[in-house]
Amino acid sequence: MPVDPAADIEVTAYGWVPDMARGRVKDCRIRWALEEIGLPYRVRLVGGAGGGGGVKSPEHLADQPFGQVPVYKEGGLTLFESGAILLHIGAKDARLLPREDGARARAIGWAFAALNSIEPFAQMLFVMGWLADGKPWQDEAGDLVRPFLETRLAQLSVALGGREWLDGRFTIGDLLMVDVLRAQAPPALVAAHPNLADYVARGTARPAFRAAHAAQLADFRDVA
Ligand SMILES: N[C@@H](CCC(=O)N[C@@H](CS)C(=O)NCC(=O)O)C(=O)O
């Protein structure tokens, strides 16, 4: 079981987030990668999540300039940004990042696509659904952003086609893409493309994802 208080690798996570964010916080993608290759990690819980970002401790800001999670520590290395952390973990094991130059470059390309071409719109909609909840302009705001995500998802669906994974075999590109789709994109928009819905189901059925997700949920406390 990769969660091990004595492990060399440390992953920073929140001890509390609002209910709607539980299971969706981005340390899950790091835990997932570590679970895939059986690398043990310990968890350091920090506060400061929630509406407006909360109060960040100087220690946490020294590790992560934006006061976010995840932070990854290993030996003398402190790393932030989930994409950079996944590239670092991927370099350890070909099950996450192929060794062959072309396949490796394409996997990195899909990782950037998840973070740069899909996540911004999915996250904007997700955060708006939360922050704009109950505001008279909530629907109009959603209507402005949703078509951008719909277009990207339609294009992604074509790119995936009938394949199991984006470039033939599972990589950090798939790990990130599935995580963005399952945690941030409105389920109905994903469900509009059966191959994307199946792709997300395949990714989240992986034992490593299930273990990572369960471990994140288990770390939440009842109060901030
Ligand atoms: N680009 C960063 C984003 C990290 C991020 O959005 N973290 C969220 C939790 S999922 C967070 O800490 N939010 C609180 C805040 O921004 O103050 C990454 O991929 O690591």
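Rules used in this analysis
Residues numbered from 1 in each chain as written. Predicted model: local features only at pLDDT ≥ 70, side-chain atom pairs only at ≥ 80, totals over all residues. Heavy atoms only, no water. Helix = DSSP H or I, 4+ residues; strand = E, 2+ residues; numbered from the N terminus. Expected span 1.5 Å × (residues − 1). Buried < 20%, exposed > 50% of the residue type's maximum accessible area, 1.4 Å probe, protein only. Polar contact = N/O pair within 3.5 Å; in protein donor to acceptor, adjacent residues only side chain to side chain. Near = heavy atom within 4 Å. Nonpolar A, V, L, I, M, F, W, Y, C, P; charged D, E, K, R; others polar. Pairing = 2+ DSSP bridges. Axes fitted to C-alpha atoms, helices over the stretch in contact; angles between N-to-C directions. Contact = heavy atoms within 4.5 Å. Domains from an automatic or database assignment. Buried area = accessible area lost by both parts, 1.4 Å probe. Salt bridge = Lys/Arg side-chain N within 4 Å of Asp/Glu carboxyl O. Parallel < 35°, antiparallel > 145°, perpendicular 65-115°, else oblique. Left-handed = near helix turned anticlockwise from the far one by under 90°. Core = buried A, V, L, I, M, F, W, Y, C linked by side-chain atoms within 4.5 Å.

The next subject is helix H6 (residues 172–183). In this model H6 runs 16 Å from its N-terminal to its C-terminal C-alpha over 12 residues, within 8% of the 16 Å that 1.5 Å per residue would give. The element H6 is extensively covered by neighbouring structure, given that 12 of its 12 residues are classed as buried. Inspection of H6 places Ile172, Gly173, Asp174, Leu175, Leu176, Met177, Val178, Asp179, Val180, Leu181, Arg182 and Ala183 among the buried residues, and these make up the whole buried set. Capping of H6 at its N-terminal end is provided by Thr171; its side-chain oxygen lies 2.9 Å from the backbone amide nitrogen of Gly173.

To continue, consider the site of the ligand. Taken together, the neighbourhood of the ligand is formed by 10 residues, with Tyr14, Lys56, Val69, Glu81 and Ser82 sitting nearest. Between the ligand and Tyr14, the relevant distance is 2.6 Å, taken from an oxygen atom to a side-chain nitrogen or oxygen of the residue. One of the side-chain N or O atoms of Glu81 is found 2.7 Å from a nitrogen atom in the ligand. Of the residues in the shell around the ligand, the class split is 4 nonpolar, 3 polar and 3 charged.

The next subject is the sheet that holds strand E2 (residues 41–46). With mixed pairing, the 4 strands of this open sheet are ordered in space as E2-E1-E3-E4. Unpaired on one side and paired on the other, E2 and strand E4 (77–80) mark the two borders of the sheet. Across this sheet, the average inter-strand angle for adjacent strands is 25°, counted without regard to direction. Looking at chain direction, strand E3 (residues 71–74) and E4 are connected through 4 bridges and run antiparallel. Across the sheet, Tyr72 pairs through a bridge with Leu79, a residue of E4. Helix H3 (residues 82–90) contacts E3 and E4 of the sheet and is inclined by roughly 130° relative to E4.

Turning next to the domain arrangement of the protein. As far as domains go, the protein holds domain 1 (9–95 + 208–219) and domain 2 (101–206). For domain 1 versus domain 2, the distance between C-alpha centres works out to 20 Å. Listed per partner, the contact involves 23 residues of domain 1 and 22 residues of domain 2. It is Arg24, Arg29 and Trp32 in domain 1 that bury the most area against domain 2; as a group they hold 30% of the surface buried on that side. Between the two partners, domain 1 and domain 2, sit 3 salt bridges.

It is worth spelling out the pattern of salt bridges at this point. A full pass over the atoms with the stated rule returns 15 salt bridges. A salt bridge links Arg95 to Asp93; its shortest N-O distance comes to 2.8 Å. Residue class for Asp93 comes out buried when judged on its relative accessible area of 16%. One continuous salt-bridge network, built from bridges that share partners, spans Glu10, Arg42, Arg44, Asp63 and Lys73.

Two elements in contact, H6 and helix H8 (residues 194–204), have axes whose closest approach is 9 Å; the angle formed by their N-to-C orientations is 110°. Classified by the angle their axes make, H6 and H8 are roughly perpendicular. Judged by the twist between their axes, the crossing of H6 over H8 is left-handed. Residues Gly173, Asp174, Met177, Val178, Leu181 and Arg182 of H6 form the contact with H8, whose own contacting residues are Tyr199, Val200, Gly203 and Thr204.

This paragraph deals with the nonpolar core. Ile89, Leu149, Met177 and Leu181 are the most contacted members of the largest nonpolar core, which has 51 residues in total. Inspection of this core shows a minimum of three residues originating in each of domain 1 (9–95 + 208–219) and domain 2 (101–206). Sequence-distant contacts of Leu181, defined by excluding residues within four places in its chain, comprise Ile118, Leu153, Leu156, Val190, Tyr199 and Val200. Listed in part, the 8 residues of the second largest apolar core include Val17, Ala21, Val46 and Val69.

Attention now goes to the environment of Met124. With respect to the helices, strands and loops of the structure, Met124 is situated in helix H4 (residues 101–131). Placed 21 residues apart in sequence, Met124 and Val145 show a C-alpha to C-alpha distance of 7.6 Å. Other than its neighbours up to four places away in sequence, Met124 contacts Glu119 and Val145.

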